[in-house]
Amino acid sequence: MAKSAATAASSLVQTLRRYIKKPWEITGPCAHPEYLESVPKATEYRIRCPATIDEEAIVPTADPENVYNILYHARDQRRNRPPVRRYVWKKEDVVQMMSEKKTFEESDFPRVYLTTTVEEDENARGGGYE
């Protein structure tokens, strides 16, 4: 008897919940049929775990010489430079180089781009800006 009374009470409560609404569900944005609750249900939140694998990856196979190399160090041009040459000079070599050193001539350098002076027209109205 107690069990049937409990089921009758729960069915009555469910029926009342269907017809009696909360005040904010009667008017306002919550009353619109397209309104979604801000917090989804646990069964709707994350249907599938991000770590699960749905399908196996398809890895193309080809000749190794035709496959593009995605390694960074193989494509890095800064590492493709020839090795830096390092010289160990002895004092005699430095003294000989200093004795052979010549002074620079003007012809050793490229010509200066602007070789003439610019003459401004002093008679222009407004200094040439009009």
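Residues numbered from 1 in each chain as written. Predicted model: local features only at pLDDT ≥ 70, side-chain atom pairs only at ≥ 80, totals over all residues. Heavy atoms only, no water.

Peer 1: Help me understand the overall build of the chain, please; the structure alone is not making it clear to me.
Peer 2: Scanning the chain from terminus to terminus reveals five helices and zero strands. For the chain, the sequential pattern of α-helices and β-strands runs α-α-α-α-α. Here the chain holds 130 residues, and the buried ones make up 1% of them. With the model as given, the accessible surface of the chain reaches about 14600 Å², and the carbon-plus-sulfur share is 57%. (Helix = DSSP H or I, 4+ residues; strand = E, 2+ residues; numbered from the N terminus. Buried < 20%, exposed > 50% of the residue type's maximum accessible area, 1.4 Å probe, protein only. Areas by Shrake-Rupley, 256 points an atom, 1.4 Å probe, with all protein chains shown as cover.)

Peer 1: So what exactly am I meant to see when it comes to the packing of aromatic side chains here?
Peer 2: The description of two aromatic rings rests on the distance between their centres and on the angle between their planes. By the definition in use, this model includes one aromatic pair. Plain terms: the ring middles of Tyr 87 and Trp 89 are 5.7 Å apart, the flat faces sit at 40° to each other, and that makes the pair tilted. Taking the relative accessible area as the measure of exposure, Tyr 87 reaches 55% and is therefore exposed. (Phe/Tyr/Trp six-rings, centres within 6.5 Å; stacked < 30°, edge-to-face > 60°.)

Peer 1: What am I meant to see in the pattern of salt bridges here?
Peer 2: It is possible for side chains bearing opposite charge to pair when their charged atoms get close. Inspection of every chain in the model, using the stated rule, returns one salt bridge. Between Asp 54 and Arg 48 there is a salt bridge, and its shortest N-O distance comes to 3.3 Å. Since its relative accessible area comes to 43%, Arg 48 is described here as partly exposed. (Salt bridge = Lys/Arg side-chain N within 4 Å of Asp/Glu carboxyl O.)

Peer 1: How do you make sense of the environment of Thr 52 when you look at a structure like this?
Peer 2: Structurally, the position occupied by Thr 52 is in the loop between α3 (42–45) and α4 (72–75). You can call Thr 52 partly exposed: its relative accessible area is 40%. Polar side-chain contacts of Thr 52 include one of 3.2 Å to the side chain of Arg 48. (Polar contact = N/O pair within 3.5 Å; in protein donor to acceptor, adjacent residues only side chain to side chain.)

Peer 1: Looking at this structure, how should I read the confidence of the model for the chain?
Peer 2: The predicted structure's coordinates, where accompanied by low pLDDT, should not be read in detail. On average, residues of the chain carry a pLDDT of 77, and 83% of them reach 70 or more. At the level of individual helices and strands, the chain shows its lowest average pLDDT in helix α2 (residues 23–26), which scores 69, and its highest in helix α5 (residues 91–100), which scores 86. (pLDDT = per-residue confidence, 0-100.)

Peer 1: Looking at this structure, how should I read a nonpolar patch on the surface?
Peer 2: Together, Tyr 87, Trp 89, Val 94, Met 97 and Met 98 make up an exposed nonpolar region whose accessible area comes to about 570 Å². Residue placement: Trp 89 occurs in the loop between α4 and α5. (Patch = residues over 30% accessible without salt bridge, like charges linked within 9 Å, V, L, I, M, F, W, Y side chains within 5 Å.)

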